[in-house]
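Structural features, examined
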Amino acid sequence: MKNQSILQKLKNAFNGIVFTYKTESNFRFHCYSTLATLIIFSVLQVTPIWWALIFICIALVIAAELANTAIENLVDHIHPEIHPAIGKVKDVMAGMVLILSFLAVIIGLLAVSQSF
């Protein structure tokens with residue numbers, strides 16, 4: 001909604017993240033993967049550049065999951081019946097998340113290999 005306070009906008013954003021966490025198993029998987037990655041990076045004491053790269057990857061994957069959830073919920077609300085065009089949109093969004101997830105794994109593996 002327009003003309004909301006910054007506090008209300010932040011609350012709305014947080015509610016969206018909580019909704020996605022509660023309703024999307026893939027989002028929860030990404031959150032747990034993030035936690036594991038942060039622990040591994042801490043133990044291995046990777047250099048700051050690898051921290052920066054992995055934080056960028058984490059943010060991209062999480063943001064993509066949020067966008068995917070938003071679009072899925074919107075199209076399911078507008079057109080609840082199965083439709084090939086809607087299925088393609090959902091597949092493309094899932095593909096975006098998959099590509100970003102692969103990128104995050106590659107960056108993580110490169111960082112770990114550099115720490116040995």
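Heads up: these notes are all about the structure in this document. (Residues numbered from 1 in each chain as written. Predicted model: local features only at pLDDT ≥ 70, side-chain atom pairs only at ≥ 80, totals over all residues. Heavy atoms only, no water.)

1. Points about the nonpolar core
In terms of nonpolar packing, the biggest core is built from 15 residues, with Phe41, Val46, Trp50, Ile54, Cys57, Ile107 and Ala111 touching the most fellow members. Mapped onto this core, the elements with two or more residues apiece are α2 (25-44), α3 (48-78) and α4 (84-114). (Core = buried A, V, L, I, M, F, W, Y, C linked by side-chain atoms within 4.5 Å. Buried < 20%, exposed > 50% of the residue type's maximum accessible area, 1.4 Å probe, protein only. Helix = DSSP H or I, 4+ residues; strand = E, 2+ residues; numbered from the N terminus.)

2. Section: the packing of aromatic side chains
Inspection of every chain in the model, using the stated rule, returns three aromatic pairs. With 6.4 Å between their ring centres and 85° between their planes, Tyr21 and Tyr32 make a pair best called edge-to-face. Here the residue Tyr21 occupies a position in helix α1 (residues 6-23), and Tyr32 occupies one in helix α2, the gap between them amounting to eleven residues. Using a relative accessible area of 31% as the deciding quantity, one classes Tyr21 as partly exposed. Overall, the relative accessible area of 49% leaves Tyr32 in the partly exposed class. When the ring of Trp51 is compared with that of Phe55, the centres are 5.7 Å apart and the planes differ by 25°; the resulting orientation is stacked. (Phe/Tyr/Trp six-rings, centres within 6.5 Å; stacked < 30°, edge-to-face > 60°.)

3. Things to note about the environment of Leu98
Mapped onto the secondary structure, Leu98 falls in helix α4. Leu98 gets classed as partly exposed once you look at its relative accessible area, which sits at 46%. Taking the C-alpha atoms as reference points, Leu98 and Glu65, separated by 33 residues in sequence, lie 9.6 Å from one another.

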